[in-house]
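# Report on the structure
As a plain string of letters, each chain reads:
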Amino acid sequence: MKKSMLILGGIFLLISTGLFAQEDDIFGITTKAKNPKSESAVGNIFRNVLEQFALELSTGAAYHQFGTSFYSERPESYFISQFQNLEEPLDISEENPLDMKSQDWAFPIFNAGLRINVFNIITIGGGYGQEWGNLSPMRGQNWEIPFEGSTYQISKLYGTLGLILWDASKRAKYLQWRYRNYASANLYMQSELRQRVRQVYPWRVIAEAEFGQLTLKNAFDPSLVTGGTPYTPRLAVGEEPYYGIGLRLERDFSEYTKFFVKGGVEFRGFTYASSDYSEVQAIDQQVYAMQVGFSLRIPGTKRCKIGGCGVVMKHMHNGIEYRGSGIFNLQNRKIGQWY
């Protein structure tokens, strides 16, 4: 009897080891579902391409700073004045300009765009944005240059390039490195490793660069103008495109939906013209923004609508792949994730 129990225990151990040695696809559903998503070849190609793209919406606020090293042989043509009534002369030269700065808030910021994940290594995206901000006078020492009007509105077309620093696949590699010293015969630790690797890990960290072009929508000061066309009575950026860097934290709800938070800084250039538009001053702007947003990856797999089919994972009907759940649910759940 004792010998029989030992034999049964050994068989159970071998079966358990074999099951854990498999990948996450315990029921074979994931493997079987790697099939056409449409009845036609063209439709299948279209759906495979479509599901690579994600739609994104985000909003937020920013703290921005204007700054210039002011120098002119005719400073009176720039509406520069003393704001503390100290009656001090303006002592500036080309070698000793007057550093002037201002800071204020931009709210709200709104962005909408498309993004694609390339092999879980980089992300490429682009979109359109709107920004509403306030303008405070630029000040340096006892001097200030006030802006006519206190608000502005800017639209932007932008592109992004991101490097994925951390996600589920990189976490799995890190765990394998952490468990590297445990022997393959150590079934307990190897089983623990496999269970941790199989866990759904929803977090992703991305270092991101942004670049694009800005266009004025509404502003009041005719002295803030675009470089190269100082007679245009509007606020705009210079001829050089703006650029920015940021860090993005994502949290997956499912294969198709995610929430993200992004913080970063943008670097922009403006020009400020004299009253007769005979010369201009270069103005730099830094925008420190924080945004929150929602991303939806376009499903390439149709939702199953066959009556009586209760499969909640991806599955097959007549050789075609279908989703068994909504886009906010994990499609290929593991044991313990059926709700």
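Attention shifts here to the overall build of the protein chain. Counting its secondary structure elements, the protein chain contains five helices and 15 strands. For the protein chain, the proportion of its 339 residues judged to be buried stands at 41%. In the protein chain, once contacts between residues fewer than 6 apart in sequence are set aside, the share between residues at least 24 apart is 71%. Surface accessibility of the protein chain: about 19400 Å² in total, with carbon and sulfur atoms responsible for 61%.

A word on the pairing of strand E8 (residues 203-218). Sheet topology note: the strand E7 (residues 151-166)/E8 ladder contains 13 bridges and is antiparallel. Residue pairing across strands places Gln153 opposite Asn218, the latter belonging to E8. The pairing of E8 with strand E10 (residues 242-252) spans ten bridges and is antiparallel. Opposite Glu210, over in E10, you have Gly244 as the bridge partner.

This structure, assessed with the given rule, holds three cavities of 30 Å³ or more. Taken as a whole, the largest cavity spans an internal volume of roughly 170 Å³. As for the largest cavity, its lining consists of 19 residues, and the residues nearest its centre are Glu56, Ser58, Asn111, Arg115 and Tyr158. Mapped by element, the contributors of at least two residues to the lining of the largest cavity are strand E1 (53-70), strand E3 (98-118), strand E4 (122-134), E7, E8 and strand E11 (257-273). No other element matches the five residues that E3 contributes to the lining of the largest cavity. Volume-wise, the second largest cavity comes out at about 110 Å³. Along the walls of the second largest cavity sit 15 residues, with Glu210, Ile245, Lys262, Gly264 and Glu266 positioned nearest its centre. Elements that contribute at least two residues to the lining of the second largest cavity include exactly E8, E10, E11 and strand E12 (280-297). The element best represented in the lining of the second largest cavity is E11, accounting for five residues. Class assignment of the residues belonging to the lining of the second largest cavity gives a composition of six nonpolar, five polar and four charged.

This brings us to the pattern of salt bridges. All chains considered together, the criterion is met by 17 salt bridges. Measuring nitrogen to oxygen at the nearest pair gives 2.7 Å for the salt bridge that ties Glu131 to Arg268. With Glu131 in strand E4 and Arg268 in strand E11, this residue pair connects regions lying 137 residues apart in the sequence. An identical accessibility class is assigned to Glu131 and Arg268; each is buried. The salt bridge partner of Arg204 is Asp252, with a shortest N-O separation of 2.9 Å. In this pair, Arg204 is assigned in strand E8 and Asp252 in strand E10, connecting sequence segments 48 residues apart. Since its relative accessible area comes to 11%, Arg204 is described here as buried.

Before going further, it helps to examine a nonpolar patch on the surface. On the surface, Ile45, Val49, Phe53, Leu55 and Leu114 cluster together to form a nonpolar patch covering roughly 430 Å² of accessible area. On the secondary structure map, Phe53 appears in strand E1.

Following the sequence through the fold, Ile109 ends up in strand E3. Residue class for Ile109 comes out buried when judged on its relative accessible area of 4%. It is 5.1 Å that separates the C-alpha atoms of Ile109 and Gly60, two residues lying 49 residues apart in sequence. Among residues more than four places away in sequence, those in contact with Ile109 are Ser58, Thr59, Gly60, Ala61, Ala62, Gln130, Glu131, Ala289 and Gln291.

What follows covers the nonpolar core. Of all hydrophobic cores here, the largest spans 26 residues; its most connected members are Phe70, Ile80, Leu98, Met100, Tyr272 and Ile283. When residues of this core are traced back to their parent elements, those giving at least two are E1, E3, strand E6 (143-145), E7, E11 and E12. Broken down by element, the residue count for this core peaks at four residues, all from E3.

Calculation rules
All residue numbers refer to position in the chain's written sequence, counted from 1. For this predicted model, a pLDDT threshold of at least 70 governs which residues receive local features, and a threshold of 80 or more governs which side-chain atom pairs are given and counted, while totals over whole chains, interfaces and linings are taken from all residues. Derived side-chain values reflect all non-hydrogen atoms in the structure, with water molecules and hydrogen atoms excluded from consideration. Put simply, DSSP H or I for four residues or longer makes a helix, DSSP E for two residues or longer makes a strand, and each gets a number counted from the N terminus. Exposure categories follow from relative accessible area, calculated using a 1.4 Å probe and restricted to protein chains: below 20% of the type maximum is buried, above 50% is exposed, and the middle band is partly exposed. Any two residues whose heavy atoms approach within 4.5 Å are treated as being in contact. Each accessible area is a Shrake-Rupley result for a 1.4 Å probe, and residues are judged covered by the shown protein chains and nothing else. Strands pair, by our definition, only if DSSP identifies at least two bridges between them. Put plainly, a pocket is an open set of points on a 1 Å grid over the protein atoms alone with protein on both sides within 12 Å along at least five of seven lines, a cavity is a set where a 1.4 Å probe fits but cannot get out, and a lining residue has an atom within 4 Å of a point. Grid points are joined across faces, edges and corners, and a volume is the space filled by probe spheres set on the points. Amino acid classes used here: Ala, Val, Leu, Ile, Met, Phe, Trp, Tyr, Cys and Pro are nonpolar; Asp, Glu, Lys and Arg are charged; the rest, including Gly, are polar. Any Lys or Arg side-chain nitrogen located within 4 Å of an Asp or Glu carboxyl oxygen qualifies as a salt bridge. A patch is a set of surface residues, each over 30% in relative accessible area and not in a salt bridge, joined within 9 Å for like charges and within 5 Å for the nonpolar side chains Val, Leu, Ile, Met, Phe, Trp and Tyr. What makes a nonpolar core is a set of buried Ala, Val, Leu, Ile, Met, Phe, Trp, Tyr and Cys residues whose side-chain atoms join them at distances within 4.5 Å.

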